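Chain by chain, the residues:
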Amino acid sequence: MNNTRPVYMDHHATTPVDPRVLEAMLPYFKDDFGNASSIDHMYGARAYEAVEKARKQVASILNAKPNEIYFTSGATESDNIALLGVTDKLAAKGNHIITCVTEHKAVLDTAKHLEKMGKSVTYLPVDQYGMVNPADIEAAITDRTILISIMAANNEIGTIAPLQEIGEIAKKHGVRFHTDAAQAVGHIPIDVKAMKIDLLSLSGHKIYGPKGIGALYITGLNPKKNISPVMFGGGHEKGIRSGTYNVPGIVGLGKAIEIAQKEMKAEAERYKKWTTMMLEAFQNECGGVILNGHPEQRLPHNLNVCFPGIESKALIHLLRDDVAISTGSACSTTSVEASYVLQAIGREEEYLHSAIRFGLGRFTTEEAIYHVIYKFRGFVQRLRNLE
Ligand SMILES: Cc1ncc(COP(=O)(O)O)c(C=O)c1O
């Protein structure tokens, strides 16, 4: 372990770029810098080829076709295009969308904007594990429903949604199904065909790719059957997402996905073993620790726990030289807002400010896990003794 830097355990926020990804990207900043749309010469042609290779790599991990992949700047943009684009395109068919209360703000705030524009939105609740009930989704569908948007895996508590069941329901009722899979792709298997997913958002920087790149999967050859463009320009990506291609970013995303596809299974086993070890150690040695999220249907690299009686912000601050961790919820420097995800799963008031989210990653070592357990044990006891 490198003792000069804290152990990084905030991989849900972002991941470091894998050196293999960086290496793949480098030529596209310098020698192969061409515009992928200017293919009349070698520079553009090479950039174009690189973009198309990445498109295949992204499609492969989803079991999609390459021409169903649209490059964007990240999951936020993909979510916006999906929600705004589908609701606009299908406005004549209906004006109702269904989502859930624990979605990322990229979906929730877009949904709120849609409400202001006259659309109707149902925000479904989740159970104590953060799981949305497919029966609730089906019950919420009306003849005006055009879109269901449910995240694949939650960024705070790691709960994985029953995607296939939701996909079946959506198909049965002729409603489009979008999933924000920013935290899921590259970590758990996703098959858009088997799961009957119509639109899927993903992000490069959650899977050891660069920041500022992502993709939107849209089912079928003609995206404009499902979606209206929300920005306009040079007509790139079949007019769905205009703007000069971020070639190094796209190459990095493709490479990151290729690596994840190969290494995901072994990584998941490693993470599962370590998160189980950490939870057991905390439960045995820190007293009264509560797991947030589903005990089994959860992201393998996620562990979110409440340490009762501990102010998580104080703990994070005390540990800042040793471990980089987070509460997982947004807050400003002046006020600490309780996590809306923890509130949605019914966490009692006294636990709302005691949650810590651990996000393990590719370069986490077993030694680091022991170090974190050791540090937590000491600091939790220290903080409790101060009370
Ligand atoms: C579930 C989820 N959706 C969307 C985003 C936004 O992704 P990006 O940073 O690629 O815009 C994140 C990242 O925090 C996320 O966790």
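In what follows, the structure referred to is the one given above.
These notes cover the structure that comes with them. (Residues numbered from 1 in each chain as written. Predicted model: local features only at pLDDT ≥ 70, side-chain atom pairs only at ≥ 80, totals over all residues. Heavy atoms only, no water.)

Closest axis-to-axis distance for the helix H2 (residues 42–62)/helix H7 (residues 247–285) pair is 8 Å, and the angle between their directions is 35°. The hand of the H2/H7 crossing is left-handed. In this structure, H2 uses Ala-47, Ala-50, Val-51, Ala-54, Gln-57, Val-58, Ser-60 and Ile-61 to contact H7, whose residues at the interface are Val-247, Ile-250, Val-251, Leu-253, Gly-254, Lys-255, Ile-257, Glu-258, Ala-260 and Gln-261. For the contact of H2 with H7, a count of residues per class yields 12 nonpolar, 4 polar and 2 charged. (Axes fitted to C-alpha atoms, helices over the stretch in contact; angles between N-to-C directions. Helix = DSSP H or I, 4+ residues; strand = E, 2+ residues; numbered from the N terminus. Left-handed = near helix turned anticlockwise from the far one by under 90°. Contact = heavy atoms within 4.5 Å. Nonpolar A, V, L, I, M, F, W, Y, C, P; charged D, E, K, R; others polar.)

Below, the discussion takes up the site of the ligand. Inspection of the region around the ligand gives Gly-74, Ala-75, Thr-76, His-104, Met-151, Asn-155, Asp-180, Ala-182, Gln-183, Ser-203, His-205 and Lys-206 as its neighbouring residues. The contact in question runs from an oxygen atom of the ligand to an N or O atom on the side chain of Gln-183, over 2.7 Å. Lys-206 is positioned such that a nitrogen or oxygen atom in its side chain is 2.7 Å from an oxygen atom of the ligand. Protein coverage of the free-state accessible area of the ligand, which is 390 Å², stands at 85%. Among the residues forming the shell around the ligand, the class breakdown is 3 nonpolar, 7 polar and 2 charged. (Near = heavy atom within 4 Å. Polar contact = N/O pair within 3.5 Å; in protein donor to acceptor, adjacent residues only side chain to side chain. Areas by Shrake-Rupley, 256 points an atom, 1.4 Å probe, with all protein chains shown as cover.)

The next point concerns the sheet that holds strand E10 (residues 302–306). If you walk across this open sheet you meet the 3 strands as E9-E10-E12, and the pairing is antiparallel. Two strands bound the open sheet, and with one partner strand each, they are strand E9 (290–292) and strand E12 (355–359). Between one strand and the next, the sheet's axes are offset by a mean angle of 30°, whatever the strand orientation. Across 5 bridges, E10 lies against E12 in antiparallel orientation. Opposite Cys-306, over in E12, you have Ala-355 as the bridge partner. Contacting E9, E10 and E12, H7 crosses the sheet at an angle of about 15° to E10. (Pairing = 2+ DSSP bridges.)

Further remarks concern the sheet that holds strand E4 (residues 120–124). On the basis of which strands lie adjacent, the open sheet formed by 7 strands has the order E2-E8-E7-E6-E5-E3-E4 and mixed pairing. Each having just a single partner strand, strand E2 (69–72) and E4 make up the two edges of the open sheet. Neighbour to neighbour, the strand axes of the sheet diverge by 20° on average, direction disregarded. Strand contacts of H2: E2, strand E7 (199–203) and strand E8 (214–218), with the helix running at about 115° to E2, the strand carrying the most contacts. Across the sheet, helix H6 (residues 163–173) touches strand E5 (145–149) and strand E6 (176–180), and the angle it forms with E6 is around 155°.

Our next topic: the side chain of Arg-357. Among the secondary structure elements, Arg-357 is positioned in strand E12. Within the structure, Arg-357 has its side chain in polar contact with the side chain of Asp-10 (distance 3.1 Å).

Scanning the entire structure with this criterion turns up 20 salt bridges. Across the salt bridge formed by Arg-46 and Asp-32, the nearest N and O atoms sit 3.0 Å from each other. With Arg-46 in helix H2 and Asp-32 in the loop between helix H1 (19–25) and H2, this residue pair connects regions lying 14 residues apart in the sequence. For Arg-46, a relative accessible area of 39% puts it in the partly exposed group. The buried category is assigned to Asp-32, whose relative accessible area is 9%. Two residues, Lys-112 and Asp-109, come together in a salt bridge whose shortest N-O distance is 3.4 Å. (Salt bridge = Lys/Arg side-chain N within 4 Å of Asp/Glu carboxyl O. Buried < 20%, exposed > 50% of the residue type's maximum accessible area, 1.4 Å probe, protein only.)

Our focus in this paragraph is the packing of helix H3 (residues 75–89) against helix H4 (residues 105–116). It is at 9 Å that the axes of H3 and H4 come closest, and there the two elements cross at 30°. With respect to H4, the element H3 is oriented roughly parallel. In terms of crossing hand, the pair formed by H3 and H4 is right-handed. Note on element contacts: H4 touches H3 through Ala-106, Val-107, Thr-110, Ala-111, His-113 and Leu-114, opposite Thr-76, Asp-79, Asn-80, Leu-83, Leu-84 and Thr-87. Grouping the constituent residues of the contact of H3 with H4 by class yields 6 nonpolar, 5 polar and 1 charged. (Parallel < 35°, antiparallel > 145°, perpendicular 65-115°, else oblique.)

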